[in-house]
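# Residue-level structure breakdown
So the chains spell out like this:
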Amino acid sequence: MNQRWIIIAGSILAVLIVVVLIGRNKSEHPSSPVSSTTGEAKKLYEEAARLESNGQKLEAKAAYQKIVNEYSDFEQMEAIQKHLGDISLDIILSNVETPDNTEIREVQAGDSLGKIAKQYNTTVDLIKQSNGLTSDVIRVGQRLRIWKGKFSVFVDKSQNILILKNDNDVVKVYNVSTGLNNSTPVGTFKVTSKLVDPVWFKSGAVVPPESPANVLGTRWMGFDMAGYGIHGTTEPDKIGQQVTAGCVRMRNEEVEQLYTLIPVGTEVTIQD
């Protein structure tokens, strides 16, 4: 009898040891929800890249947006946000039709690109680019894809970034330069003028656009506050710093994108 109890006790002890070892192993190597989340985000990233390479821009944008919304700790978030900004901009500039932001407008007698742009609060440049037009000539009956979304601009001086928004959605984030000694004004302004290859009037001197001394770069978008606006630069290496006389500077290729998109009257909000 004693031997039988010894055998039973030994079996119970062996089971307990196994249970303890399993528990210790789990505690040392817990199943990580982060690892699972990372795997899901990577799969979604791969799917988004595949969709983008196949020209399925709207589907790719939705996949990138899902990663941003649901996997904020994903290690490649910076790259995802860049992809999202680039494809969002690409959709706007292309002829892709979107349910909420585009309309097909048939050209009527008496129409011009300027008239249509004013009707939809957009730009002639955007209509031309998204419809593959190389001139301002349009013909009656021609069908034009028009972007209807309302753009706005937000500048954060503390981070030296400019955020382009379409309605309430962020389209793209740009690095910019702002004013030395915090000289860029804060508040809400409107774009009142737009110039290609602007002349710079500096202390009474006239600096032509082709001059290396013209710091305005290739585009100017002036505010309803004299002397201030958004413009390009001849010093792209200083983007990201507070170095300007108060204006917002962008890289030339990026300020040209913005110029194409935003019409006169666009709201610009600047905060410290």
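Residues numbered from 1 in each chain as written. Predicted model: local features only at pLDDT ≥ 70, side-chain atom pairs only at ≥ 80, totals over all residues. Heavy atoms only, no water.

## What to know about the packing of helix α3 (residues 57-70) against helix α4 (residues 77-93)
Running from N to C, α3 and α4 cross one another at 145°; their axes reach a closest spacing of 9 Å. Viewed along their axes, α3 and α4 form a crossing whose handedness is left-handed. Here Lys57, Leu58, Ala60, Lys61, Tyr64, Gln65, Ile67 and Val68 of α3 lie close against α4, whose contacting residues are Met77, Ile80, Gln81, His83, Leu84, Ile87, Ser88, Asp90 and Ile91. Grouping the constituent residues of the contact of α3 with α4 by class yields ten nonpolar, four polar and three charged. (Axes fitted to C-alpha atoms, helices over the stretch in contact; angles between N-to-C directions. Helix = DSSP H or I, 4+ residues; strand = E, 2+ residues; numbered from the N terminus. Left-handed = near helix turned anticlockwise from the far one by under 90°. Contact = heavy atoms within 4.5 Å. Nonpolar A, V, L, I, M, F, W, Y, C, P; charged D, E, K, R; others polar.)

## Re the pattern of salt bridges
Scanning the model with the defined rule gives 13 salt bridges in all. Two residues, Glu254 and Arg251, come together in a salt bridge whose shortest N-O distance is 3.9 Å. Residue Glu254 is classed as buried on the basis of its relative accessible area of 16%. Judged by its relative accessible area of 25%, Arg251 falls in the partly exposed class. Members of the salt-bridge network, linked through shared partners, are Lys82, Asp86 and Lys172. (Salt bridge = Lys/Arg side-chain N within 4 Å of Asp/Glu carboxyl O. Buried < 20%, exposed > 50% of the residue type's maximum accessible area, 1.4 Å probe, protein only.)

## Details of unusual backbone geometry
Positive phi outside glycine occurs at Asn121, with the angle close to 55°. We classify Asn121 as partly exposed; its relative accessible area is 43%. Look at Asn160: it is not a glycine, yet its phi comes out positive at around 55°. Note on Asn160: relative accessible area 7%, which makes it buried.

## Examining the packing of α4 against helix α7 (residues 252-261)
α7 packs onto α4 with a crossing angle of 45° between their chain directions and a minimal axis gap of 11 Å. Considering the angle they form, α4 stands oblique to α7. Our pair here, α4 against α7, has a crossing hand that is left-handed. Of α7, the residues touching α4 (which contributes Leu89, Ile92 and Leu93) are Gln257, Thr260 and Leu261. Residue classes in the contact of α4 with α7 are distributed as four nonpolar, two polar and no charged. (Parallel < 35°, antiparallel > 145°, perpendicular 65-115°, else oblique.)

## With respect to the pairing of strand β5 (residues 169-175)
Inspection of the sheet shows strand β4 (residues 161-166) paired to β5 by six bridges, in the antiparallel sense. Within β5, the residue paired with Ile161 across the bridge is Asn175. The loop that links β4 with its antiparallel partner β5 comprises two residues; one of these, Asp167, has a positive phi angle of about 55°. (Pairing = 2+ DSSP bridges.)

## Focus: the environment of Lys202
Summarising the element assignment, Lys202 is placed in strand β8 (residues 200-202). On the basis of relative accessible area, Lys202 is assigned to the partly exposed category, the value being 44%. The spatial distance from the C-alpha of Lys202 to the C-alpha of Asn214 is 9.1 Å, given a sequence separation of twelve residues.

## Overview of α4
Residues separated by three or four positions in an α-helix point in the same direction, a consequence of the helix having 3.6 residues per turn. Here α4 contains 17 residues, and its C-alpha end-to-end distance of 24 Å stays within 8% of the 24 Å for a straight helix at 1.5 Å per residue. Of all the residues in α4, the buried ones are Met77, Ile80, Leu84, Gly85, Ile87, Ser88, Leu89, Ile91, Ile92 and Leu93. (Expected span 1.5 Å × (residues − 1).)

## Let's talk about the nonpolar core
If you look at the biggest cluster of nonpolar residues, it comprises 27 residues, and the most contacted ones within it are Val153, Leu162, Leu164, Ile230, Leu258, Leu261 and Ile262. Elements supplying a minimum of two residues to this core: α4, β3 (151-156), β4, β5, β7 (187-196), β10 (219-223), α7 and β14 (267-271). With four residues, α7 is the single largest residue contributor to this core. Not counting residues within four places of it along the chain, the set of residues in contact with Leu162 comprises Val153, Phe154, Val155, Lys172, Val173, Tyr174, Val176, Ile230, Val248, Met250 and Leu258. Grouped together as the second largest cluster of nonpolar side chains are 15 residues, Ala41, Phe74, Met77 and Leu84 included. (Core = buried A, V, L, I, M, F, W, Y, C linked by side-chain atoms within 4.5 Å.)

## As for the confidence of the model for the chain
Averaged over all residues, the pLDDT of the chain is 88; the fraction at 70 or higher stands at 87%. Scored below 50 in pLDDT, residues 18-22 shows zero contacts in the model against residues more than four places distant or in partner chains. Per-residue pLDDT stays below 50 along residues 26-34; that stretch engages in zero contacts with residues further than four places along the chain or on separate chains. (pLDDT = per-residue confidence, 0-100.)

## Describing the side chain of Ser88
The residue Ser88 is located in helix α4 in this model. Since its relative accessible area comes to 5%, Ser88 is described here as buried. Within polar-contact distance, the side chain of Ser88 engages the backbone oxygen of Leu84 at 2.7 Å. Not counting chain neighbours up to four residues away, the residues in contact with Ser88 comprise Lys61 and Val171. (Polar contact = N/O pair within 3.5 Å; in protein donor to acceptor, adjacent residues only side chain to side chain.)

## Focus: the sheet that holds β4
With mixed pairing, eight strands are arranged side by side in an open sheet as β5-β4-β3-β14-β7-β10-β11-β13. Strands with a single pairing partner mark the edges of an open sheet, and in this sheet they are β5 and β13 (248-249). This element, α4, spans β3 and β5 of the sheet and lies at about 115° to β5. Along the sheet face, α7 touches β3, β4, β5, β7, β10 and β11 (229-231) and points at about 55° away from the line of β10.

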